Amino acid sequence: MVLNPVISKLSGKLVVLASASPRRLEILTNVGLRFEVVPSWFKETLDKSLFKAPHEYAVETARQKALEVARRMPFKHLKTPDIVIGADTIVTVDGLILEKPVDKADAYRMLSRLSGKEHSVCTAVAIVLCHQQENEEIDYQMTDFYEETKVKFADLSETMLWEYIDSGEPMDKAGGYGIQALGGMLVEYIQGDFLNVVGFPLNRFCKQLDLIYNHDPVSNDVEHSVISSNGSLTNSIANPSSNSSLSSPTTSNPHTDSPIQNGPSASPASKVKRKDGQSALDDSSWALVNSLSKCSEGQENVSAVGSPVPPVTSRRPMNLPYVVDNVHTDDLKRVMELMDGFKASKVLFTASKLRVFDLLETRPGLVGAEVAQALEASLKGTECLLEACVSLGLLERKQGGSSLLSISHQEVVYENSRLAQRFLQSDSPSSLLGYMEHCDELVWPLFSHLESAVREGTNQHAKVSGKTITTNNLFQDLYYFRDAQKLQFMRAMHSIAGVAGPAVATAFDLSRFKTACDLGGCTGSMAHELAKAYPGLSVTVFDLPSVVEMSGDLFKDKLPKADLYILARVLHDWTDEKVHALLSKVSDACTPGSAVLVVETLLDGTRSYPALQSLSMLMQTMGKERTGSQYTQLLRQHGFGDVRIAHTWNFVDVVLAIKN
Ligand SMILES: Cc1cn([C@H]2C[C@H](O)[C@@H](COP(=O)(O)OP(=O)(O)OP(=O)(O)O)O2)c(=O)[nH]c1=O
């Protein structure tokens, strides 16, 4: 391989990097390649269980990323690239595929799994060669490969882990680390190509270009010229309706080359013959296209499975100047996600309300019609809802139902995703259905009056239910005025405490406390978690008479005696004035050395959950969420000198304040 001729083969061609990765951009820029960046819109949600080995998943993802851009550009950018490069990097450890972490907790899970172990980093690269024919239709040929590098991590201490996570570096990187920066400090050794870990196997890429542009496969036997995904296979992706290709005299002879003979710039890849001796561009080549696109087509539309992708035709009017793509695709993606956020929430709420996840728990692998029948809902609506759930990661779509209603064994069937099994099935110990119901029935209608809430700075119950709610009798008027409302609210609080409880109970070592009182403790699920974590702790739940037996009004009645008072999601309901009144009462009940445990979502200027939750409190109760330092200040004002904060990365954080 001679480097310069390889890269120089691409000069004068429109080369497109179908990737938003700054690392890939840098690696290719550094070797003098001139290219445009058009990040792929392909969602990395292929069903991993469909692939025999992790690298196959990465290869298919890289192919789909590149193909999506190659197909989009003629329409959206009004120009046809000559070559599109897509890539996908995954980390595999213990048989698991790790992609980019979704949040800090996810990064923590990934990095602690990698700690002290050797893992593998696989980057797959797909190269699509596009050729515009005389009739303006476009032929695509694709070649792909993957490269694997072994990486060994040192043992990572908790402090090191969190320091690294808090640096923010893990978030946009497979496996949650960047070997090229701070993450390099975690690595003991690597075996293989370093740049492959960073996201692009440059050496292998150049060899592949060399194969494509500097070797003429025509003279080779197919076995030699076919480049396989584990190193050397070229699939020809042809336009099935391309009559000119099919009608070319060269196709009639199975032993001749592909009919695309486009002068000197024609890609040798287009000349590759298939093993069966047929031209790569005959009818059966469509099978290759279909198998290549099977996953993404499956995602687009249930009814589209198996149907051919429409031919791609460039429609650029000859006199129209090329449009330069200045849109920052990542920003656009983010805005689109935000605009659609309300639809996603409602899909989650509706599927939960209709008990889709419970149904698929008891009867996994149902086809859309069976789900519709069980829900007594329309087939059309149910199929749309199920597909929306798949796109949001709530359900998994599988091929090959064996159910009674399935027409063929290739029919699409649905199962709960891991996320749904954990949080959306009603019998799961960490089920969030109660909280979801509360969000749907109470919070959702309030949020449609956000503008008024912002203008007026008050809750919005009057607009939703005609009821004026003041802070004087907040809970009685709002949540406990009817049994149905009371139970709904209790279910909501119970489900949050069930999910966040273990993290709250273990955020600090509370073993020195003997008695605790959970003020406003509702169903007692947080108390239960504390008692579970500390067998020597006796916990009392104190709430309104309509909620528990040990009843009383936090503001009016005497508090039971305890070493530790718990205020879980209580202070955020109230204005500063009321918070002072409550803390003063708790402080009076405390002796030196006893403490208060404040369990709240802490505003930190970065996470959206606490900020959105604060708006929600404004609209529900006229309360708000606060920062850690605001709570510290409030607690210090009431004689709690020693204040400590622990972030749990759950619904709530924890503040422990000890009385002077
Ligand atoms: C392991 C590792 C990954 N990475 C990066 C490379 C990739 O950018 C990213 C893996 O995610 P990818 O999904 O492969 O790529 P991407 O999302 O950044 O870009 P696109 O999908 O648009 O192509 O992780 C590092 O930068 N350093 C590392 O050490």
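Whatever comes next refers back to the structure up there.
Since we're looking at a predicted model, the values are computed, not measured.

Honestly, the pattern of salt bridges in this entry has me stumped. Any pointers?
Pairing between side chains of opposite charge can happen when their charged atoms approach one another. Enumeration over the complete set of coordinates arrives at 34 salt bridges. Glutamate 44 serves as the salt-bridge partner of lysine 65, at 3.2 Å between the closest nitrogen and oxygen. Placement of the pair is lysine 65 in helix α3 (residues 54-76) and glutamate 44 in the loop between β2 (36-37) and α3, with a sequence separation of 21 residues. Judged by its relative accessible area of 8%, lysine 65 falls in the buried class. A residue is classified by how much of its surface remains accessible, and glutamate 44, at 27% relative accessible area, is partly exposed. Through salt bridges with shared partners, one network takes in Glu44, Lys65, Asp88 and Lys100.

What am I meant to see in helix α25 (residues 628-637) here?
Where α25 is concerned, the buried positions are Gly628, Tyr631, Thr632, Leu634 and Leu635. Angularly, the buried residues of α25 cover 165 degrees about the axis, an arc narrow enough to put them on a single face. Seen from the open side of α25, the exposed residues pointing more than 90 degrees away from its buried face are Ser629, Gln633 and Gln637. Buried positions along α25 lie against α23 (576-589), β14 (595-600), β15 (602-603), β16 (626-627), β17 (640-646) and β18 (653-659).

Mind showing me how you'd approach the site of the ligand here?
Residues in contact with the ligand amount to 21 residues; listed here are only the nearest, Ser19, Ala20, Lys65, Lys100 and Ile179. For the ligand, an oxygen atom lies 2.9 Å from a polar atom in the side chain of arginine 23. Between glutamine 180 and the ligand, the recorded distance is 2.8 Å, taken from a side-chain N or O atom to an oxygen atom. Burial of the ligand by the protein chains amounts to 95% of its free accessible area of 600 Å². When residues of the shell around the ligand are assigned to their parent elements, the largest contribution, three residues, is made by strand β3 (residues 83-93). Looking at the shell around the ligand, its residues break down into seven nonpolar, six polar and eight charged.

Would you mind showing me how to read the packing of aromatic side chains here?
All told, the structure shown has eight aromatic pairs when counted by the stated rule. Taken together, a centroid distance of 4.8 Å and an interplanar angle of 70 degrees make the contact between phenylalanine 153 and tyrosine 177 edge-to-face. A residue pair is termed long-range when its members are at least 10 positions apart, and phenylalanine 153 in strand β6 (residues 138-153) and tyrosine 177 in the loop between α5 (158-166) and β7 (187-191) qualify at 24 residues. Of the two residues, phenylalanine 153 and tyrosine 177, neither departs from the other in class, the shared state being buried. For the ring pair tyrosine 609 and phenylalanine 651, a centre distance of 5.6 Å and an interplane angle of 65 degrees mean the geometry is edge-to-face.

Looking at this structure, I do not really get the layout of surface pockets. What am I missing?
Over the atoms, a rolled probe matching the size of one water molecule traces out where space is still vacant. Quantified by volume, the second largest pocket comes out at close to 590 Å³. As for the second largest pocket, its lining consists of 34 residues, of which Phe475, Gly520, Asp543, Leu554 and Val570 are closest to the centre. For the lining of the second largest pocket, the elements supplying multiple residues, two or more each, are α20 (474-478), α21 (483-505) and α22 (525-533). Sort the elements by how many residues they give to the lining of the second largest pocket and α21 lands first, with four residues. Grouping the amino acids of the lining of the second largest pocket by side-chain chemistry returns 18 nonpolar, nine polar and seven charged.

Help me understand a nonpolar patch on the surface in this model?
Nonpolar side chains collect at one region of the surface, where Trp41, Leu332 and Met336 lie side by side and expose about 280 Å² of accessible area between them. Residue classification places methionine 336 among the partly exposed positions, given a relative accessible area of 48%.

Cut-offs and rules
- Residues numbered from 1 in each chain as written.
- Predicted model: local features only at pLDDT ≥ 70, side-chain atom pairs only at ≥ 80, totals over all residues.
- Heavy atoms only, no water.
- Salt bridge = Lys/Arg side-chain N within 4 Å of Asp/Glu carboxyl O.
- Helix = DSSP H or I, 4+ residues; strand = E, 2+ residues; numbered from the N terminus.
- Buried < 20%, exposed > 50% of the residue type's maximum accessible area, 1.4 Å probe, protein only.
- Arc of directions from axis to C-beta.
- Contact = heavy atoms within 4.5 Å.
- Near = heavy atom within 4 Å.
- Polar contact = N/O pair within 3.5 Å; in protein donor to acceptor, adjacent residues only side chain to side chain.
- Areas by Shrake-Rupley, 256 points an atom, 1.4 Å probe, with all protein chains shown as cover.
- Nonpolar A, V, L, I, M, F, W, Y, C, P; charged D, E, K, R; others polar.
- Phe/Tyr/Trp six-rings, centres within 6.5 Å; stacked < 30°, edge-to-face > 60°.
- 1 Å grid on protein atoms, 1.4 Å probe; cavity = no way out; pocket = protein on both sides within 12 Å on 5 of 7 lines; lining within 4 Å.
- Points joined across faces, edges and corners; volume = space filled by probe spheres on them.
- Patch = residues over 30% accessible without salt bridge, like charges linked within 9 Å, V, L, I, M, F, W, Y side chains within 5 Å.

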